[in-house]
Amino acid sequence: MSKIDVLLGLQWGDEGKGKIVDVLTPKYDIIARFQGGPNAGHTLEFDGIKHVLHIIPSGIFHKEKSNLIGNGVLIEPVIFKQEIESLKSKGIDAVTNLLISNKANLILPTHRLTDAANETYKGSSKIGSTLKGIGPAYTDKVARIAMRVGDILNDNYKQVYDKLKASHIRHITSLGFNLNSFQIDGISFEEYEQLWLKSLDFLKKFRIIDSEYWLNDALNSGKKVLAEGAQGAMLDIDFGSYPFVTSSSTITAGVCTGLGVAPSRIGNVFGICKAYCTRVGSGPFPTELFDENGSLLREKGKEYGSTTGRPRRCGWIDLPALKYSCMLNGVTHLVIMKTDVLNDFSQINVCDKYEINKNITDKFPFNISTEDIKPLYSSYQGWKQDIKGINEYSKLPSAMKQYITALEEKMGIKVAVISTSPDRKDTIYKENI
Ligand code: GDP
Ligand code: IMO
Ligand code: MG
């Protein structure tokens, strides 16, 4: 009987989850996504080629492994089809080793319009959503009116679709918009709807299963499973920087509801963070840098969104937020990404605590979105050296090892893996995992 390991982001997303899932996949039999949807953009690089995945788990490049889209995930059929076709053009046949939960919820074209309408209506207080329909689709799930993947196998699916679409139109109209107020990915609603309906036939070609039984049977027979998170703990619906969050449980607890595994089944939890911090979209970001250091992080780290292309906001690593994430997730192993991006810095700052209304705290505050937070930093010497090609921890520059050790001590968790480039092979194992 195996446990299920978990890999998830500890910050505001884009920590480098895709790369590390791909790196760890050889150790597992099954890779399973448990939440989120096409708002995610997970990048993998090997053999000089970059791949970006949105809905499909990052184990897909390993032919002999199974990949599961769990019940907690949202599927947008047009984006799903495009993703599968893009993989096919690169010689990857995802039809045979991809399984889909019949309880995964669907994103409708009108969910995408609703997302755009809600955001436009909010004006300057908008979330900065990826406009993939995530919030509206999860809203329908909780409202118990959603359309699930299994529903498309029933004859009456078009009636279910039309009913849901009508409810969305009522909402959009109430905000002063209509079906033609927004385009979806550059085309009209009518055109997109036709594509969407056709894509359902494509989706039906996949193995649509009771994935909670399938996965528990796999664990019972000793199969090794890795759950792949999307977004990050600071975007979690309950514990993130509310209301500037996504609409799912991005933390370890979400693995249980998003895949149907019991809490006692959770094994190792790999928590991923950058050696600094980024955020895309609106919302609080206490350590954000508006100076040349921020620009240097963006330029060196190529910090532009994998899904939307938007420039990411950049800042120093934030330990109150990270310690909060580790507590919520039960992180057993830390994975530090993008250390190479700090190569050119002579000084690296670490936020240890926040000062809020003259009080000093290392706790993530309730009013994170409205408080005036001053980050309190300690400084570390930079290594000012190119670290590419180094593949043993002991050979890393001593200033870099001091930085890593400081993070371990301050967070009370061992760093297991260090990443030094986007490529699969530039990954250093500090601990045996
Ligand atoms: P994810 O959403 O967590 O999978 O992360 P993204 O793919 O959205 O963003 C991470 C970006 O950083 C991608 O462009 C990766 O190719 C890149 N990346 C990952 N690890 C490293 C690293 O160690 N160094 C550098 N320079 N880039 C990295
Ligand atoms: P990965 O999996 C970074 C952000 C959006 C927005 C907020 C809500 O690649 O790390 P949504 O579309 O979910 O309603 O947007 O969350 N966001 C992400 N930021 N990485 C992601 O995914 C994100 N998914 C959503 O920018 O601020
Ligand atoms: Mg991403």
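Look above for the structure.
Residues numbered from 1 in each chain as written. Chains lettered and ligands numbered in written order. Predicted model: local features only at pLDDT ≥ 70, side-chain atom pairs only at ≥ 80, totals over all residues. Heavy atoms only, no water.

S.K.: Could you clarify how one ought to interpret the overall build of the chain in this entry?
M.R.: What the chain contains, in helices and strands, is 11 helices and 20 strands. Over its C-alpha atoms the chain spans a radius of gyration of 21 Å, differing by no more than 12% from the 22 Å that the globule rule assigns to 433 residues. Taken over the C-alpha atoms alone, the chain extends approximately 65 × 50 × 40 Å along its principal axes. By residue count, 59% of the 433 residues in the chain fall in the buried class. Total accessible area on the chain is roughly 17800 Å²; 50% of this is exposed by carbon and sulfur atoms. Positive and negative side-chain charges in the chain, numbering 53 and 49 respectively, have mean positions lying 1 Å apart. (Helix = DSSP H or I, 4+ residues; strand = E, 2+ residues; numbered from the N terminus. Rg over C-alpha atoms; globule rule 2.2 N^0.38 Å. Buried < 20%, exposed > 50% of the residue type's maximum accessible area, 1.4 Å probe, protein only. Areas by Shrake-Rupley, 256 points an atom, 1.4 Å probe, with all protein chains shown as cover. Lys, Arg positive; Asp, Glu negative; His and termini not counted. Charge placed at Lys NZ, Arg CZ, Asp CG, Glu CD.)

S.K.: What's the story with the layout of surface pockets in this structure? I'm lost.
M.R.: Which parts of space are left empty comes out when a probe the size of a water molecule is rolled across the atoms. Here the largest pocket defines a volume of roughly 920 Å³. Forming the boundary of the largest pocket are 48 residues, of which Ile-127, Ser-129, Val-245, Thr-246 and Ser-247 lie nearest the centre. When residues of the lining of the largest pocket are traced back to their parent elements, those giving at least two are helix H3 (109–122), helix H4 (134–142) and helix H5 (157–174). Across the lining of the largest pocket, the residue classes break down as 14 nonpolar, 25 polar and 9 charged. (1 Å grid on protein atoms, 1.4 Å probe; cavity = no way out; pocket = protein on both sides within 12 Å on 5 of 7 lines; lining within 4 Å. Points joined across faces, edges and corners; volume = space filled by probe spheres on them. Nonpolar A, V, L, I, M, F, W, Y, C, P; charged D, E, K, R; others polar.)

S.K.: Which parts of the structure should I look at to understand the pairing of strand E7 (residues 98–101)?
M.R.: It is a general feature of regular strands that their side chains alternate between the two faces of the sheet. Of the two faces of E7, the one holding Leu-98 and Ile-100 and the one holding Leu-99 and Ser-101 are both buried throughout. Relative to E7, strand E5 (residues 66–69) runs parallel, the two sharing 3 bridges. Across the sheet, the residue bridging to Asn-67 is Leu-98, located in E7. In this sheet, strand E9 (residues 207–209) lies alongside E7 in parallel orientation, the contact comprising 3 bridges. Within the sheet, the bridge partner assigned to Leu-99 lies in E9 and is Arg-207. (Pairing = 2+ DSSP bridges.)

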